[in-house]
Amino acid sequence: MSEVESATPSAWTQHPERSNMLMLRIMTWISLRLGRPAGRIVLHGIALYFLAFAHKARRASRDYLRRALKHDPTLAERYLHIFTFAATIHDRVYLLNDRLQHFDIEIQGEPLIADHVASGKGALLFGGHIGSFEVIRALGRSQPDLRIALAMYEKNTRRLNAILAAINPEAQPDLIALGNPSAILGIRDRLDEGTLVGVLADRSFKAESCREISLLGRPAAFPVNAFRMAAALRTRIIFMAGLYRGGNCYGIRFLPIADFASTPRRDREAAIAEAMERYVAALEQCCQDAPYNWFNFYPFWEAADLHP
């Protein structure tokens, strides 16, 4: 595992996620007025459109699926990948309006979270752009003692707020904007209050240190800063994923990754390296268990290829 310095913005920032607020509002109206089955009919047309016209996303999907499925993906498999992404975005309409009765949700590792709630201690929830974070937040809103915040870069915070305004203006998530000096203080305060703070740790936003770790048989660049922040705050990292299983089924997964509470300063870098390896291993296991849940529709392995 080697560490490299990213000199340019990460590849994903060159391929922003497409969004159409008018279409989102129409989808929200159809979904809440006519029901989830009617909304899902529209999804098939949206998925076909992206399969036909989103060339860069289609190529990235094929590259990823070839690794995850271990064969050249069929057209049907590539369509299913895009449809799964569309389905999780569509389900935000219901999750943000607290309509959990529409879903069958299975939780793996629930005692891990229950122990934290009982102790009053916060922790960092490290996930990735795989599955649905919204199903985890919705579960948190349904349990009064479970507080979940989300730390994300300011640009994404603005985009999320726009989406929430279109779906449910009353939905007010606890967001911490990364990229400014006060962010770590905000995260520290939430942890002291016993809040679980979610971080999507698979992407870097700007020039920062990354480490190359094998994912699905090929090195990929993963940012180090989030793990160093966890070590500096002497807190625990728990892996999280809300995997879409098809139909109305989701599987939420929590796994222990690291606990820096008693890690001596001299041992931090080694502990960070081990934590990153465990995080990527958990991410890879999700890709193998639910391969169509991977939502990095850009050349994810390209960043590692840019470095000698």
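Small disclaimer: the values here were computed from a predicted structure and weren't measured.

About the cut-offs
- Along every chain, residues carry numbers that run from 1 in the direction the sequence is written.
- Totals for whole chains, interfaces and linings use all residues, but because this is a predicted model, local features are given only for residues with pLDDT of at least 70 and pairs of side-chain atoms are given and counted only at 80 or more.
- Side-chain metrics in this entry use all non-hydrogen atoms of the structure; hydrogen atoms and water are not considered.
- We call a set of buried Ala, Val, Leu, Ile, Met, Phe, Trp, Tyr and Cys residues a nonpolar core when their side-chain atoms join them within 4.5 Å.
- Burial classification: accessible surface area is computed with a 1.4 Å probe over protein chains only, and a residue below 20% of its type maximum counts as buried, one above 50% as exposed, and the rest as partly exposed.
- Note on conventions: DSSP H or I runs of at least 4 residues are helices, E runs of at least 2 residues are strands, and numbering of each starts at the N terminus.
- Note on contacts: a residue pair is in contact if any heavy atoms of the two residues lie within 4.5 Å.
- Should DSSP find at least two bridges between two strands, the strands are taken to pair.
- Lines fitted to C-alpha atoms define the axes here, with helix axes fitted over just the stretch in contact, and angles between the N-to-C directions of these axes take values from 0 to 180 degrees.
- Salt-bridge detection follows one rule: a side-chain nitrogen of Lys or Arg within 4 Å of a carboxyl oxygen of Asp or Glu.
- By the criterion applied in these results, polar contacts are pairs of N or O atoms within 3.5 Å in which, for protein atoms, one can donate a hydrogen and the other can accept it, and in which residues neighboring in sequence qualify only through two side-chain atoms.
- Confidence scores here are pLDDT values: one per residue, from the predictor, ranging 0 to 100.
- Any residue with an atom within 4 Å of a point lines the site, the site being either a cavity, points on a 1 Å grid over the protein atoms alone where a 1.4 Å probe fits but cannot get out, or a pocket, an open set with protein on both sides within 12 Å along at least 5 of 7 lines.
- Grid points are joined across faces, edges and corners, and a volume is the space filled by probe spheres set on the points.
- Each residue gets one of three labels, nonpolar for Ala, Val, Leu, Ile, Met, Phe, Trp, Tyr, Cys and Pro, charged for Asp, Glu, Lys and Arg, and polar for the others, Gly among them.

**Comments concerning the nonpolar core**
Counting 52 residues, the largest nonpolar core has F126, I187, L215, F222, F227, F260 and Y279 as its most contacted members. Of all the elements, helix α10 (residues 268–289) adds the most residues to this core, at 10 residues. Residues contacting I187, with those up to four places away along its chain left out, are L124, A151, I176, L178, V197, M229 and L233. Listed in part, the 36 residues of the second largest apolar core include V93, L175, Y250 and F254.

**Quick notes on the sheet that holds strand β6 (residues 196–200)**
An order of β2-β10-β9-β3-β6-β4-β5 is seen for the seven strands of this open sheet, with the pairing classed as mixed. At either end of the open sheet lies a strand with only one pairing partner, and these are β2 (104–108) and β5 (174–178). Looking at each pair of strands side by side, their axes are set apart by 25° on average, direction ignored. Judged from the five bridges that link them, strand β4 (residues 148–153) and β5 form a sheet pairing that is parallel. Bridging across to β5, A149 finds its partner in D174. Here helix α5 (residues 110–119) sits on the sheet and contacts β2, β3 (123–127), β6, β9 (236–246) and β10 (249–259); the angle it forms with β9, its principal contact strand, is near 135°.

**Quick notes on the pattern of salt bridges**
Enumeration according to the criterion identifies nine salt bridges in this entry. Its salt-bridge partner being R188, residue D189 comes within 3.4 Å of it at the nearest N-O pair. Judged by its relative accessible area of 34%, D189 is partly exposed. Residue D289 is joined to R253 by a salt bridge in which the shortest nitrogen-to-oxygen separation is 3.1 Å. In this pair, D289 is assigned in helix α10 and R253 in strand β10, connecting sequence segments 36 residues apart. Overall, R253 belongs to the buried group, its relative accessible area being 7%. The network of salt bridges with common partners includes R62, R66 and D72.

**Things to note about the pairing of strand β7 (residues 209–215)**
Burial runs high along β7: six of the seven residues are buried. Here β7 pairs with strand β8 (residues 218–223) via six bridges, running antiparallel. Within the sheet, the bridge partner assigned to C210 lies in β8 and is P223. A loop of two residues connects β7 with β8, the two strands running antiparallel in sequence, and L216 in this loop sits at a positive phi of about 55°.

**Details of the environment of S119**
Mapped onto the elements of the fold, S119 is located in helix α5. Remark: the alpha-carbon pair of S119 and G194, spanning 75 residues in sequence, is separated by 8.2 Å. Polar side-chain contacts of S119 include one of 2.9 Å to the backbone oxygen of H116.

**Considering the confidence of the model for the protein**
For the protein, per-residue confidence averages 85 on the pLDDT scale, and 82% of positions sit at 70 or higher. Confidence scores differ between elements of the protein, with strand β1 (residues 2–5) showing the lowest mean pLDDT of 54 and α10 the highest of 98. A low-confidence stretch, residues 5–9 (pLDDT under 50), is modelled with 10 contacts involving residues beyond four sequence positions or located in other chains. Counted against residues more than four places away or in other chains, residues 11–19, with its pLDDT under 50, gives 19 contacts.

**Quick word on unusual backbone geometry**
Positive phi is not limited to glycine here, since L216 has a value of about 55°. The class of L216 is buried, set by a relative accessible area of 11%. Notably, R234 is not glycine yet its phi reads approximately 55°, a positive angle. Its location among the elements puts R234 in the loop between α9 (225–233) and β9. Residue class for R234 comes out partly exposed when judged on its relative accessible area of 40%.

**Regarding empty space enclosed by the protein**
For the coordinates displayed, the defined rule picks out one cavity of 30 Å³ or more. Reported here for the largest cavity is a volume of approximately 40 Å³. Lining of the largest cavity is provided by G127, G128, I130, S132, F133, I136, L200, M240, A241 and G242. Along the lines of polarity and charge, the residues of the lining of the largest cavity split into six nonpolar, four polar and no charged.

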